Amino acid sequence: TSCLQSGSKRRLDEAQMAASAEDNENLVPVTVLTGFLGSGKTTLLNHILTATHGKKIAVIENEFGDVGIDDELLQKNSKVQADEEIIEMMNGCICCTVRQDLITVLSKLAKRVASGKLKLDGIVIETTGLADPAPVAQTFFVDDAVKAFARLDGIVTLIDAKHIELHLDEEKPEGAENEAVEQVAFADRLLLNKVDLVDEAELARVEGRLRAINSFAPIQRCQQSQVAVGDVLELRAFDLQRTLEMDDGFLDTDAEHEHDASVSSLAIVQPGEVDAELLEGWIGDLLRDRGADIFRTKGILAIAGSPKKCVFQGVHMIFNSALGGEWAEGEPRESRLVFIGKNLQHEELRAGFSACLATPQLDAQRRAALRFEVGAHVQCKVAPDEWAKGRVVAQLYRNTPEEGRAGGVSPYQVELDGGDLIFVPLDDDQVIRRA
């Protein structure tokens, strides 16, 4: 069940959000690999396609990018050239080239998996040539066929330790994005490559700058792109249940780094419960108005009236949410929210989120504005042309998860003359009127 209802029709449908962990395990995990020219992506992709690592991985590369898997290497190591887009390697991996549409290539892979001709342990998609990895990431939120086959596992950015500062400092024409900054901001894991070319002091400075842009992605040092295949797979960064298990250090606001860059990260820890209606309105407005600048959002929310945690993930203005586990007895009810983006107004975001808190004053204001008191005899519209008589039995009724809006508040609960209990979503004469 979704716990946030705003955010446009593009959000994931509720059935998908409520998919069981077991169903999720059957989906092929997808890593999006990004990084600037010269960071070592070609070396890493070649390693995946030729090393004996025992995993069957499909590597999908964008032909329009600056990375090209070496043709000679492909010919030497390929076993079957299934068609012009999909090449099978000696080690069982697959190399695919995207000429038109990523979804087309994913559909081909899905058909081969469904037919039993191919078993995949994971997919790595190289996104060089795009301004940022968001369009690829969003494919796994919005395309139904893709969602049934694969799940976005994480975004990995490969970084050239020797030259990254030049890219981060590059002056861009007004209105143009600094791709290197965006690639760092989007990452769930940062692979700091070529560490043998710089000294420890330079490494410490580079890591400080990376953390200033994205203080939440772990940094892993490496040389010549030599990392275990497992280091770029099974990150579960987009797993809503894994988000629930984020350790306190991940959201440690003291870990924030002050800096002048336009891209930054912000963690908010807000004690108390938030009001679902206010929160939906705030997040909906925020992502509509600022979504282009907000690269990533994730968090765990304490919704007033809901016994379960609300888990939240977003890429730009597309987001999904789901109910997680129940709050443990004695566990402090607090919300934790992370933003990574450009020109983030930290204090404005803190104030906006704080204004969503559920308070006795808010409750009293809403109660005072209601037209009918408990016990009032009313008529309720129960069908397009049908009204039924009943009696108000509760004001500000908190909806249950079964009613599709966990933590949502309806103006009234009404007992109909026949004994049925219903909730009234609006305090309006078109829905409820005095009998």
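A. Spatial organisation of empty space enclosed by the protein. Summed over all chains, the structure comprises one cavity of 30 Å³ or more. For the lining of the largest cavity, the elements supplying multiple residues, two or more each, are β7 (150–160), α8 (164–169) and α9 (179–186). At four residues, the largest contribution of residues to the lining of the largest cavity is made by β7. Residues that form the lining of the largest cavity fall into these classes: seven nonpolar, four polar and one charged.

B. Quick peek at the packing of helix α12 (residues 276–290) against helix α13 (residues 346–354). Following both chains from N to C, one finds α12 and α13 inclined at 150°, their axes separated by 9 Å at the closest point. As judged from the angle between their axes, α12 and α13 are roughly antiparallel. Facing Leu279, Trp282, Leu286 and Arg290 of α12, the residues of α13 in contact are Glu348, Leu349, Gly352 and Phe353. By residue class, the composition of the contact of α12 with α13 is five nonpolar, one polar and two charged.

C. Geometry of the sheet that holds strand β12 (residues 308–315). Read across the open sheet, the five strands follow the order β10-β14-β11-β12-β13; overall the sheet is antiparallel. Each having just a single partner strand, β10 (263–271) and β13 (318–326) make up the two edges of the open sheet. Sheet twist, expressed as the average angle between the axes of neighbouring strands with direction ignored, equals 10°. Helix α10 (residues 200–213) rests against β10 and β14 (334–342) of the sheet, and its axis sits at about 60° to β10.

D. View of the side chain of Gln395. As for its position among the elements, Gln395 is in strand β16 (residues 386–398). There is a polar contact of 2.9 Å between the side chain of Gln395 and the backbone oxygen of Phe372. The contact partners of Gln395, leaving out residues within four places of it in the chain, are Arg367, Leu370, Phe372, Glu373, Val374, Pro411 and Tyr412.

E. Examining the side chain of Gln270 more closely. In this fold, Gln270 is placed in strand β10. Excluding its chain neighbours within four sequence positions, the residues that come into contact with Gln270 are Glu334, Ser335, Phe353, Ser354 and Leu357.

F. Broad picture of the pattern of salt bridges. Inspection of the entire model under this criterion finds 25 salt bridges. With a shortest N-O distance of 3.2 Å, Asp144 and Lys147 are connected by a salt bridge. You can see Asp144 and its partner Lys147 sitting in helix α7 (residues 144–149), three residues apart, about one turn around the helix. Ionic pairing is found between Glu331 and Lys309, a salt bridge with its closest N-O pair at 2.9 Å. Highlighted residues: Glu331 in the loop between β13 and β14 and Lys309 in strand β12, separated in sequence by 22 residues. Residue classification places Lys309 among the buried residues on the basis of a relative accessible area of 13%. Via salt bridges that share partners, Arg151, Asp153, Glu234 and Arg236 belong to a single interconnected network.

Calculation notes
Residues numbered from 1 in each chain as written. Predicted model: local features only at pLDDT ≥ 70, side-chain atom pairs only at ≥ 80, totals over all residues. Heavy atoms only, no water. 1 Å grid on protein atoms, 1.4 Å probe; cavity = no way out; pocket = protein on both sides within 12 Å on 5 of 7 lines; lining within 4 Å. Points joined across faces, edges and corners; volume = space filled by probe spheres on them. Helix = DSSP H or I, 4+ residues; strand = E, 2+ residues; numbered from the N terminus. Nonpolar A, V, L, I, M, F, W, Y, C, P; charged D, E, K, R; others polar. Axes fitted to C-alpha atoms, helices over the stretch in contact; angles between N-to-C directions. Parallel < 35°, antiparallel > 145°, perpendicular 65-115°, else oblique. Contact = heavy atoms within 4.5 Å. Pairing = 2+ DSSP bridges. Polar contact = N/O pair within 3.5 Å; in protein donor to acceptor, adjacent residues only side chain to side chain. Salt bridge = Lys/Arg side-chain N within 4 Å of Asp/Glu carboxyl O. Buried < 20%, exposed > 50% of the residue type's maximum accessible area, 1.4 Å probe, protein only.

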